[in-house]
Amino acid sequence: MRAKSILIAIFAAVPLFFFSSCHSSSHPDSDDHSHAEDAHAHESLGPDDVHFSYSQAESVGLSVVAVSPDSSFAPVISCSGVVEAQAAGSVTVVAPQSGVVSLTGTRLAPGAYLAKGQSVATISGKSMQDGDAAVKAKNEYAAAEKDFERASKLVAGNIISQKEYEDAKLRRDNALSAYQAIGGRMTAGGVAVVSPVAGHMVSVMAEQGQFVSAGQAIAIIERCGSKRLRADVPERHFASLRRVVSANFSTSAADSVFRLADLDGRLVSVGVSVSDGSSYVPVTFDFSDPDELFLAGSAAQVYLVLGNSVERPALTVPCESIVESQGVKFVYVRDAVDSDVYHRREVKVGGTDGLKTEILTGLRAGDVVVVKGARRIHLAGASGAIPAHNHSH
């Protein structure tokens, strides 16, 4: 009886064993099937298609833009240029008296910042044959003040004429002006030469221990907050220059393109002749630079914006969207169905204003084009690597 019970238990367990085995073996089959589907999906990609997963897109901060007709896109003239200090923004500091220069500290290197009223140098006239001009101005003012006080009392008693009183007053006022110009800045080392504005040192024009005359240039300081952009335009574009209204530009120190419209820029002048020794016509703009982002003397790539828009709305994309390889320009268009698939589309480009580029052929309105991340997709497509798939069980 006991043997019969054992046999019944064994036969009852056999179906459960097979069922469990079959159930557990279904996972590998399912996983193989999933991999097969993925492989099939990637095998269906064309030679100009790139698979770029959502996680990859998120890691590179990928951004896209829908292409649409742009009626604000204006024709431009591309040329070279230079960022300069504004002529009105530069101040020449001069010697208030004759004497020997003693430069102040180490803050006089080109580019050093100077606060308004900060000392640049001192000038001592102690060794001068005619004496120290600052001391003489102080003494002359003191004497003129005494004479004026005496004249004020005498004219009150009708002892001197009104004219003599006015002459004494004039001498006192002149002596006061001379003393204030020099004596008010007297130090133990001589008369202080100070910066009249807050700005950056451009050049020091006197040397330590050098003798200078009154009015001689000591230094040039560039006032903070203003710059000038000079575009050097080939003379073949001269007929179009009357239509210039603004400009965009980039410098060798920055990858970004800046709009003068965002920097309170204004057109100052358009040349009517070529520069000496060149075949370029200068076009000049002034703009604000309160944060001192631009270095005077920097070379610039300038895009002169002309006043009238193109005759018809243009299809444009951000310049960052365009990738060039072996002389061919193309963009990446997101697939309308599979949003992690991007198609490489060869394009023919027109003009550019430094921020946007006109697309003549290769795109149509509604296409969704990659902006940030276009080069990363290009590299992914060039490597031919299919992103790995991880499965956790």
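Above this note sits the structure.
Scoring rules and cut-offs
- Residues numbered from 1 in each chain as written.
- Predicted model: local features only at pLDDT ≥ 70, side-chain atom pairs only at ≥ 80, totals over all residues.
- Heavy atoms only, no water.
- Helix = DSSP H or I, 4+ residues; strand = E, 2+ residues; numbered from the N terminus.
- Buried < 20%, exposed > 50% of the residue type's maximum accessible area, 1.4 Å probe, protein only.
- Contact = heavy atoms within 4.5 Å.
- Areas by Shrake-Rupley, 256 points an atom, 1.4 Å probe, with all protein chains shown as cover.
- Pairing = 2+ DSSP bridges.
- Arc of directions from axis to C-beta.
- Core = buried A, V, L, I, M, F, W, Y, C linked by side-chain atoms within 4.5 Å.
- Polar contact = N/O pair within 3.5 Å; in protein donor to acceptor, adjacent residues only side chain to side chain.
- Phe/Tyr/Trp six-rings, centres within 6.5 Å; stacked < 30°, edge-to-face > 60°.
- Lys NZ or Arg CZ within 6 Å of the ring centre and 35° of its normal.
- Salt bridge = Lys/Arg side-chain N within 4 Å of Asp/Glu carboxyl O.

(A) Structural context of the overall build of the protein chain. The helix and strand inventory of the protein chain stands at 6 helices and 26 strands. Considering the protein chain as a whole, with its 393 residues, one finds that 32% of them fall into the buried category. For the protein chain, the proportion of contacts with a sequence separation of at least 24, taken over those separated by at least 6, is 75%. Of the roughly 22,900 Å² of accessible surface on the protein chain, a fraction of 54% belongs to carbon and sulfur atoms.

(B) Representation of the sheet that holds strand β5 (residues 90–94) in the model. Spatial strand order, β5-β13-β11-β7: 4 strands in an open sheet with antiparallel pairing. If you trace the sheet from one side to the other, it starts and ends with β5 and β7 (113–114), each paired once. Here 5 bridges tie β5 to strand β13 (residues 217–223), and the two strands are oriented antiparallel to one another. What sits directly across from Thr92, in β13, is Ile220.

(C) Up close: helix α6 (residues 374–383). Within α6, burial applies to Ala374, Ile377 and His378. Projected onto a plane normal to the axis of α6, the buried residues spread over an arc of 105 degrees and lie on a single side. Close packing links the buried residues of α6 with β1 (49–51), β21 (323–325), β22 (328–334), β23 (341–346) and β26 (368–370).

(D) Broad picture of the environment of Val272. Looking at the element boundaries, Val272 is found in the loop between β17 (266–270) and β18 (280–289). Once the C-alpha coordinates of Val272 and Pro282 are considered, the two residues, 10 residues apart in sequence, prove to be 8.4 Å apart.

(E) Main features of the nonpolar core. Counting 21 residues, the largest nonpolar core has Leu229, Phe249, Val302 and Leu304 as the members making the most contacts within it. Excluding anything up to four places from it in sequence, Leu304 contacts Pro75, Val76, Ile77, Cys79, Ala231, Val233, Leu241, Val244, Ser246, Ala247, Val283 and Phe285. Counting 17 residues, the second largest nonpolar core, distinct from the first, contains Val91, Met201, Val212 and Ile218.

(F) Spatial organisation of the side chain of Asp232. For Asp232, the location among the structural elements is in strand β14 (residues 225–234). With relative accessibility at 16%, the residue Asp232 sits in the buried group. Engagement of the side chain of Asp232 in a polar contact is seen with the side chain of Arg230, the distance being 2.9 Å. In contact with Asp232, other than residues within four places in its own chain, are Cys79, Ser80, Gly81, Tyr280 and Val281.

(G) Region of interest: the packing of aromatic side chains. Here the structure, examined in full by the defined rule, presents 7 aromatic pairs. Ring centres of Phe249 and Phe287 lie 5.5 Å apart, and the angle between their planes is 45 degrees; this geometry places the pair in the tilted category. Of this pair, Phe249 sits in strand β15 (residues 244–251) while Phe287 sits in strand β18; the two residues are 38 residues apart in sequence, bridging distant segments of the chain. A ring pair is formed by Phe287 and Phe294, whose centres lie 5.5 Å apart and whose planes are at 85 degrees; its orientation type is edge-to-face. Here Phe287 matches Phe294 in class, with each residue buried. Site record: aromatic cluster; members linked through ring pairs are Phe249, Phe258, Phe287 and Phe294. Sitting above the plane of the Phe148 ring, Arg172 keeps its charged end 4.3 Å from the centroid. Of note, Arg344 hangs over the ring of Phe330, and the distance from its end group to the ring centre comes to 5.2 Å.

(H) Representation of the pattern of salt bridges in the model. With the rule as written, the count across this model stands at 15 salt bridges. As a salt-bridge pair, Asp173 and Lys169 come within 3.2 Å of each other at their nearest N and O atoms. With Asp173 and Lys169 both in helix α5 (residues 162–182), this residue pair falls 4 residues apart, about one helical turn. Given a relative accessible area of 27%, Asp173 falls into the partly exposed group. When salt bridges that share partners are traced, they join Glu145, Lys169, Arg172 and Asp173 into one network.

(I) Here's a closer look at unusual backbone geometry. A positive phi angle is found at Asn158, which is not glycine, with a value near 55 degrees. Of the residues examined, Asn158 reaches a relative accessible area of 71% and is grouped as exposed. One non-glycine residue, Asp264, lies in the positive phi region at around 55 degrees. Mapped onto the elements, Asp264 comes out in the loop between β16 (258–259) and β17.

(J) How the structure looks around the sheet that holds β15. Spatially, the 7 strands line up as an open sheet ordered β16-β15-β19-β4-β14-β18-β17, and their pairing is antiparallel. In the strand order of this sheet, the two ends are held by β16 and β17, each with one partner. Bridging between strand β4 (residues 76–84) and β14 involves 5 bridges; their strand directions are antiparallel. In the strand pairing of β14, Gly81 is matched with Ala231.

Interpretation note: all reported values are geometric properties and have no functional meaning in isolation.
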